[in-house]
Structures are given as structure tokens and as C-alpha cells.
Protein chains: 2
Amino acid sequence: MRKARVTINGEKLHTSSEILRALAHPLRMQILEFIDQNEMINVNKIYNTLNLEQSITSQHLRILRIAGLVVTERDGKFIHYAIDYSKLNNAVNAVDAFLEEE
Amino acid sequence: MRKARVTINGEKLHTSSEILRALAHPLRMQILEFIDQNEMINVNKIYNTLNLEQSITSQHLRILRIAGLVVTERDGKFIHYAIDYSKLNNAVNAVDAFLEEE
DNA sequence: CGTTTTTTTTTCATCTTTTCAAAGCTCGTA
DNA sequence: TACGAGCTTTGAAAAGATGAAAAAAAAACG
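Residues numbered from 1 in each chain as written. Chains lettered and ligands numbered in written order. Predicted model: local features only at pLDDT ≥ 70, side-chain atom pairs only at ≥ 80, totals over all residues. Heavy atoms only, no water.

**Q** Which residues make up helix H5 (residues 85-96) of chain B, and what values go with them?
**A** At 3.6 residues per turn, the α-helix brings residues three or four places apart onto the same side. All names here are of chain B. Compared with an ideal rise of 1.5 Å per residue, which puts twelve residues at 16 Å, H5 spans 16 Å between its outermost C-alpha atoms and is within 8% of the ideal. Within H5, the full set of buried residues consists of Leu-88, Ala-91, Val-92, Ala-94 and Val-95. Around the axis of H5, the buried residues are gathered within 155 degrees of arc, so they sit on the same side. (Helix = DSSP H or I, 4+ residues; strand = E, 2+ residues; numbered from the N terminus. Expected span 1.5 Å × (residues − 1). Buried < 20%, exposed > 50% of the residue type's maximum accessible area, 1.4 Å probe, protein only. Arc of directions from axis to C-beta.)

Here it is in C-alpha cells:
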């Protein structure tokens, strides 16, 4: 019926699950989605639009940054956030590895 | 450049992140992968092959079960585990929602 | 320089997850 | 029925995540 072709090694398993863990929080998914919809956006707009505490927003952004799911670019006072789609793709692919069909 | 088409509502956000949370653990990904590679497999084989404690294996299986990522079927003494691919697909799709291109 | 705006970092209390060991089920069979 | 094999659940300790508030950093601007 099915045959898996992809075997995930220990290291990949670890990094994949780290990225997934960063994703696995409603607020972070919401923030990610908002960044996704707005291309390049600064922190102020994120927490004002989503009605979140400023400091909580910053902390969740930090987790997303560490996981590599978002990248930042400073523009004067502002820090613009954007999604690193290649990283996000990696997470999807890691999960997809379970679904590979023969 | 990009335009997101999918807006995830609060409820979906929550259930998606719950499934992702279940996925986001190296051991659970390893166990899932092993089940994937073996179609229908009992607990004994899982923890013996992966060199895990029996009770830890059982607990992670429980988390996967609650998340709906695996289903069980008893066959006498044995309990066979199999992956619920539709659920796993949902998880992938949830992540994919961020990646939708115009 | 001192102040304001924007964002990050730190700190701390609380809650959740993970692990481990032991006890408890469930089924087949002697 | 009682035993063993297979699996789950429980309870306690350690580790990790979360949220909220306050302090700190970085840049712009008078």
C-alpha cells in the first residue's frame, strides 16, 4: 500500500521538532499569519492590530526569530519582520516526509 | 509578490496548534515515522526497535492518540497502531496555509 | 544632552510537559 | 481462576514554557 522513502535522522528530527514547537502556539501562528499577510511589518503594527500586549508580542517574536521562522530588518526606529518561507517550508516538508507515497 | 488567501480563525488556530504540539517532539516524530514505515505495529515492537522505555513509549503514544494522529486496534493481547493520515494531512495543510501563493 | 518612541531583555510567579517508577488493566491460556 | 505478556495509567520530581511587569537598549529628534 504505502512505503515511506524518507528516513529522518536524529539531527533533522530535532531541528524539525524545534521549528514545529515554535509553530505550535495559537498566538505565534496568528502573528506569523499576520506577518505573512503584510509582507514587511513592524512590531507596533503587529500588537496594535492583533490587540496583544507589546511585551508578549516581542517575546513570541523572539521565539519565532530563534526558530528562524522570521527575519528582521531595521529601518530607523522600526524593526520590520518578514517570514522566512524556506524555513517554514522545511517544517512542512518534515511533516510531509511521513506522507510520502511510493 | 505574495498574497495570503487563507485566514485562519481562532478555533482552527487552536486545533492546528494542538496537533502541531503533538508533533513537535523528537521522540513522537520518531515513533510516528516508525509506525508509518510499518503500517500496523504493536507497542512492543515500537519500543524494542527504537530502544525506548515501555512506559515512555506508551505515554507518547497516548499524546499522539489524543491528538488523533494515530489510531489503534486491538488484536488479542496486542494493540496495533496506525497513522491517521487525514489528520496528519490537516496538520500539514494548516502549516501550508501560510505558504499559499496567489 | 535629555526625551520620546520603538523594541528587546530580564525577572519572577505560574502552569505545562517530560521522565521515571510503580501499580493497574486486559486478554489468552494453562 | 490464576498467571504471564502486553499495554496504560498514576503520581511525583525535574525541566521547560507562558504571561505580565518593569528595566534596558537603540534610534530619532528637539
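There's more to say after this.
**Q** Tell me about the protein's contact with DNA strand C, and please be specific about residues and values.
**A** What surrounds DNA strand C is a group of 23 residues, the closest being Asn-44, Gln-54 and Tyr-81 of chain A together with Ile-56 and His-60 of chain B. What you see for DNA strand C is that sugar and phosphate hold 62% of its atoms within 4 Å of the protein. Gln-54 of chain A has a polar side-chain atom sitting 3.5 Å from a base oxygen of DNA strand C. Here a base nitrogen of DNA strand C sits 3.1 Å away from a polar atom, N or O, in the side chain of Ser-55 of chain B. The set of elements that each furnish at least two residues to the surface near DNA strand C consists of helix H3 (43-49), helix H4 (54-66) and strand S3 (78-83) of chain A together with helix H4 (54-66) of chain B. Each residue belonging to the surface near DNA strand C can be placed in one class, and the counts come to six nonpolar, ten polar and seven charged. (Near = heavy atom within 4 Å. Polar contact = N/O pair within 3.5 Å; in protein donor to acceptor, adjacent residues only side chain to side chain. Nonpolar A, V, L, I, M, F, W, Y, C, P; charged D, E, K, R; others polar.)

**Q** With reference to specific residues and values, describe the sheet that holds strand S3 (residues 78-83) of chain B.
**A** All names here are of chain B. The strand order across the open sheet formed by three strands is S1-S3-S2, and the pairing between neighbours is antiparallel. Two strands bound the open sheet, and with one partner strand each, they are strand S1 (41-42) and strand S2 (70-75). Two strands pair when backbone bridges link them, and S1 and S3 are joined in this way by two bridges, in the antiparallel orientation. By the bridge assignment for S3, Ile-41 is matched with Tyr-81. (Pairing = 2+ DSSP bridges.)

**Q** So what's going on with the environment of Asn-42 of chain B? Which residues, and what values?
**A** Residues and elements named next belong to chain B. Note that Asn-42 resides in strand S1. A relative accessible area of 9% means that Asn-42 is categorised as buried. When the C-alpha atoms of Asn-42 and Ile-79 are compared, they prove to be 5.4 Å apart, with 37 residues separating the residues in sequence.

**Q** Lay out the nonpolar core in plain terms, naming residues and giving numbers.
**A** In terms of nonpolar packing, the biggest core is built from 56 residues, with Leu-20, Leu-23, Ile-35 and Leu-69 of chain A together with Leu-23, Ile-35 and Leu-69 of chain B touching the most fellow members. Apart from the residues lying within four places of it in its own chain, the contact partners of Ile-35 of chain A are Ile-41, Ile-46, Leu-61, Val-70, Tyr-81, Ala-82 and Ile-83 of chain A. (Core = buried A, V, L, I, M, F, W, Y, C linked by side-chain atoms within 4.5 Å. Contact = heavy atoms within 4.5 Å.)

**Q** Describe the protein's contact with DNA strand D, naming the residues involved and giving the relevant values.
**A** Taken together, 24 residues surround DNA strand D, and among them Ile-56 of chain A together with Asn-44, Gln-54, Ser-58 and Tyr-81 of chain B come closest. The sugar-phosphate backbone supplies 71% of the atoms of DNA strand D found within 4 Å of the protein. Note that a phosphate oxygen of DNA strand D is positioned 2.4 Å from one of the backbone N or O atoms of Asn-44 of chain B. Separating a phosphate oxygen of DNA strand D from a side-chain N or O atom of Arg-65 of chain B is a distance of 3.5 Å. Elements that contribute at least two residues to the surface near DNA strand D include exactly H4 of chain A together with helix H3 (43-49), H4 and S3 of chain B. Here the surface near DNA strand D takes six residues from H4 of chain B, the largest share from any one element.

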